[in-house]
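Structural features, examined
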Amino acid sequence: MLVLGVETSCDETGLALVRDGRLVVERLASQTDMHAVFGGVVPEIASREHQRMLPPLFAQLLTAGGVAASDIDAVAVARGPGLLGSLLVGLSFAKGVCLATGAELIGVNHLHAHLLAAGLEGEMRFPALGVLVSGGHTHLYRIDSPTEFGLLGRTLDDAAGEAFDKVAKLLNLPYPGGRYLDELSQGVEPDPAMFPLAYVHNDNLDFSFSGLKTAVAEYLNKHPQLAYAAMPDAATLKREGALALCSHPEELALVAASFNHAVAETLRIKAARALDRERGLVSLVVAGGVAANSHVRAALGGLAAERGLAYSLPSLALCTDNAAMVARTGFLALSAGYRHGLDLESVPRGRAVPLDWARVTQQ
Ligand code: KG4
Ligand code: ZN
């Protein structure tokens, strides 16, 4: 079965072809540089870029994959959560391909796709505890199968990635700045007393990162010399390195290491609590943009090893938004018999993605 994946939920335009669950080819057009100067994603720019990029990317994808549009059996599209305008562009494109070729349509929950991304690189085992850490979400799930997700805990305010990006913004780093904080912290021993662990002294599985963000903001207010005097652009940061461009490298590296430690440790504590409570889990799955963070990868990897669980972690390229994960998630749902009609709706951020698919029973 050849499945086309379409990803346009935020600021990456992605298309991918997956045959029987394995990646054939993918194309990604990132808009990050366009939004960087605004300190966040500008929804109207994002929608227009998706609109502009989808047709040429599709043509490139078919050529690179050596297939014709008529070879596509099904289209899997990220239907939410995300930016409504951006999602609508992807959904319209997906429906257009279905109308033109007769392919089946399946809508994919973008968050579930992140959690199933590691399946493109190796076998995933269920039931699993899923830790989804992205720019918009920090969710804990019990995953019984690729089509059965139960939400155990969520952030009450900022997502982990949002906390990273807001701290980076206070330092005058371009958006999204999470990766620069990770980079600045490399090889530095954190000071665990510098910042509080966020919202762990309770008995629930929810997260709250706004207190940590405020603690870092207060620290930076008292130490204004740590911020970059002028915002460096992404290309310069890539070339020179974030540490080389700042004025107080030792102090800034310690702040970055301590902040990274506080986020990773909070995630580890809540994930451990979920593992204590849920029965029969055989693996730990970590996904989303913040799963690229070296501290988070290490802390949750340590937890999996301690509990004797399989550890599923996508490679760095598969952690951030991409269409391969959408195509694979769609393939798994289609294989389980699920389909959507052309009346499939997009779901903006803040609304739960409904389980409104139809089950086709095999004759
Ligand atoms: O999953 P994603 O690509 O987009 C959303 O769906 O949100 O996640 C993007 C988030 C941003 O907040 C970005 O700063 C963060 O992932 N991120 C990181 C790292 N790489 C990306 N945060 C911390 N450390 C990193 N290495
Ligand atoms: Zn995402």
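Quick caveat, the model's predicted, so the values are computed rather than measured.

As for the side chain of His50
Relative to the elements of secondary structure, His50 occurs in helix H2 (residues 43-65). You can call His50 buried: its relative accessible area is 0%. For His50, the residues in contact, after removing those within four places along its chain, are Thr8, Cys10, Asp11, Glu12, Thr13, Gln31, Ser86 and Val89.

Here's the deal with the packing of aromatic side chains
This structure, assessed with the given rule, holds six aromatic pairs. Each ring, one from Phe207 and one from Phe209, has its centre 6.0 Å from the other, and the planes form 10 degrees; the classification is stacked. Residue classification places Phe207 among the buried residues on the basis of a relative accessible area of 1%. The interplanar angle of 20 degrees and the centroid separation of 4.0 Å between the aromatic rings of Tyr338 and Trp357 together place this pair among those described as stacked. Note that Tyr338 is positioned in strand S11 (residues 338-339) and Trp357 in the loop between S11 and strand S12 (358-359), a separation of 19 residues in sequence. Note on Tyr338: relative accessible area 13%, which makes it buried. Take Trp357: its relative accessible area is 22%, and that puts it in the partly exposed class.

Quick look at the coordination of the zinc ion (ligand 2)
Around the zinc ion (ligand 2), the protein supplies His110 (NE2), His114 (NE2) and Asp321 (OD) as donor atoms, at distances of 2.1 to 2.2 Å. Seen from the zinc ion (ligand 2), its four donor atoms lie at angles of 90 to 144 degrees, and the figure they make is irregular. Of note, the zinc ion (ligand 2) draws all its donor residues from one chain, in the sequence arrangement H-x3-H-x206-D. Remark: Asp321 occurs in the loop between helix H12 (316-319) and helix H13 (323-335) and His110 occurs in helix H4 (residues 110-116); sequence separation between them is 211 residues. Just as His110 is buried, Asp321 falls in that class too.

A word on the site of ligand 1
Surveying the vicinity of ligand 1 reveals 19 residues, the closest of which are Gly135, Asp165, Asp182, Gly289 and Asn293. Here Gly289 contributes a backbone N or O atom positioned 3.0 Å from an oxygen atom of ligand 1. A distance of 3.4 Å is found between an oxygen atom of ligand 1 and a backbone nitrogen or oxygen belonging to Asp321. Relative to its unbound accessible surface of 560 Å², ligand 1 loses 86% to contact with the protein. Going through the elements one at a time, H4, helix H5 (160-170) and helix H6 (178-184) are the ones with two or more residues in the shell around ligand 1. Counted by class, the shell around ligand 1 contains four nonpolar, eleven polar and four charged residues. In this structure, the shell around ligand 1 is formed jointly by two domains, domain 1 (2-117 + 319-359) and domain 2 (123-313), each of which donates at least three residues.

What to know about the nonpolar core
In terms of nonpolar packing, the biggest core is built from 53 residues, with Phe209, Leu212, Phe259 and Leu284 touching the most fellow members. Breaking this core down by element, the ones donating at least two residues are strand S6 (128-133), H5, H6, helix H7 (210-222), helix H10 (249-277), strand S9 (283-287) and helix H11 (294-307). Of the residues forming this core, the biggest block, twelve residues, is contributed by H10. Of all hydrophobic cores here, the second largest spans 29 residues; its members include Val18, Leu111, Ala113 and Met124.

Overview of the packing of H10 against H11
Between two packed helices, both the angle of their axes relative to each other and the distance between the axes serve to describe the pair. Contact geometry of H10 with H11 gives a least axis separation of 8 Å together with a crossing angle of 30 degrees. Comparing the axis directions of H10 and H11 gives the class roughly parallel. Every pair of crossing elements has a handedness; the one defined by H10 and H11 is right-handed. Note on element contacts: H11 touches H10 through His295, Val296, Ala299, Leu300, Leu303 and Arg307, opposite Asn260, Ala264, Leu267, Arg268, Ala271, Ala272, Leu275 and Asp276. Residue composition of the contact of H10 with H11, grouped by class: nine nonpolar, two polar and three charged.

Let's talk about the layout of surface pockets
Looking at the second largest pocket, its volume works out to about 660 Å³. Along the walls of the second largest pocket sit 33 residues, with Asn109, Leu111, Tyr141, Ala352 and Val353 positioned nearest its centre. Among the secondary structure elements, those contributing two or more residues to the lining of the second largest pocket are strand S5 (104-109), H4, strand S7 (138-145), strand S8 (148-154) and H13. Looking at the lining of the second largest pocket residue by residue, the classes come out as 14 nonpolar, eleven polar and eight charged. Each of domain 1 (2-117 + 319-359) and domain 2 (123-313) contributes no fewer than three residues to the lining of the second largest pocket.

Let's talk about the domain arrangement of the chain
For the chain, the assigned domains are domain 1 (2-117 + 319-359) and domain 2 (123-313). Here the C-alpha centroids of domain 1 and domain 2 sit 26 Å apart. Domain 1 puts 20 residues into the contact, and the matching count from domain 2 is 27 residues. Taking both partners together, domain 1 and domain 2 bury about 1900 Å²; carbon and sulfur atoms supply 74% of that area. Where domain 1 touches domain 2, the interface holds one salt bridge. For the salt bridge of Arg349 with Glu162, the shortest nitrogen-to-oxygen distance reads 3.9 Å. Summed over the shared surface of domain 1 and domain 2, the number is one residue pair in polar contact (both at pLDDT 80 or more). Elements represented by at least two residues in the side of domain 1 that touches domain 2 include exactly helix H1 (32-36), H4 and H13. The dominant element in the side of domain 1 that touches domain 2, judged by the number of residues it contributes, is H4, at five residues. Its residues assigned to classes, the side of domain 1 that touches domain 2 shows twelve nonpolar, six polar and two charged.

Basis of the calculations
- Residues numbered from 1 in each chain as written.
- Chains lettered and ligands numbered in written order.
- Predicted model: local features only at pLDDT ≥ 70, side-chain atom pairs only at ≥ 80, totals over all residues.
- Heavy atoms only, no water.
- Helix = DSSP H or I, 4+ residues; strand = E, 2+ residues; numbered from the N terminus.
- Buried < 20%, exposed > 50% of the residue type's maximum accessible area, 1.4 Å probe, protein only.
- Contact = heavy atoms within 4.5 Å.
- Phe/Tyr/Trp six-rings, centres within 6.5 Å; stacked < 30°, edge-to-face > 60°.
- Donors = N, O, S within 2.8 Å, 3.2 Å for Na, K, Ca; no water.
- Tetrahedral: all angles 85-135°; square planar, octahedral: opposite > 155°, others 65-115°.
- Near = heavy atom within 4 Å.
- Polar contact = N/O pair within 3.5 Å; in protein donor to acceptor, adjacent residues only side chain to side chain.
- Areas by Shrake-Rupley, 256 points an atom, 1.4 Å probe, with all protein chains shown as cover.
- Nonpolar A, V, L, I, M, F, W, Y, C, P; charged D, E, K, R; others polar.
- Domains from an automatic or database assignment.
- Core = buried A, V, L, I, M, F, W, Y, C linked by side-chain atoms within 4.5 Å.
- Axes fitted to C-alpha atoms, helices over the stretch in contact; angles between N-to-C directions.
- Parallel < 35°, antiparallel > 145°, perpendicular 65-115°, else oblique.
- Left-handed = near helix turned anticlockwise from the far one by under 90°.
- 1 Å grid on protein atoms, 1.4 Å probe; cavity = no way out; pocket = protein on both sides within 12 Å on 5 of 7 lines; lining within 4 Å.
- Points joined across faces, edges and corners; volume = space filled by probe spheres on them.
- Buried area = accessible area lost by both parts, 1.4 Å probe.
- Salt bridge = Lys/Arg side-chain N within 4 Å of Asp/Glu carboxyl O.

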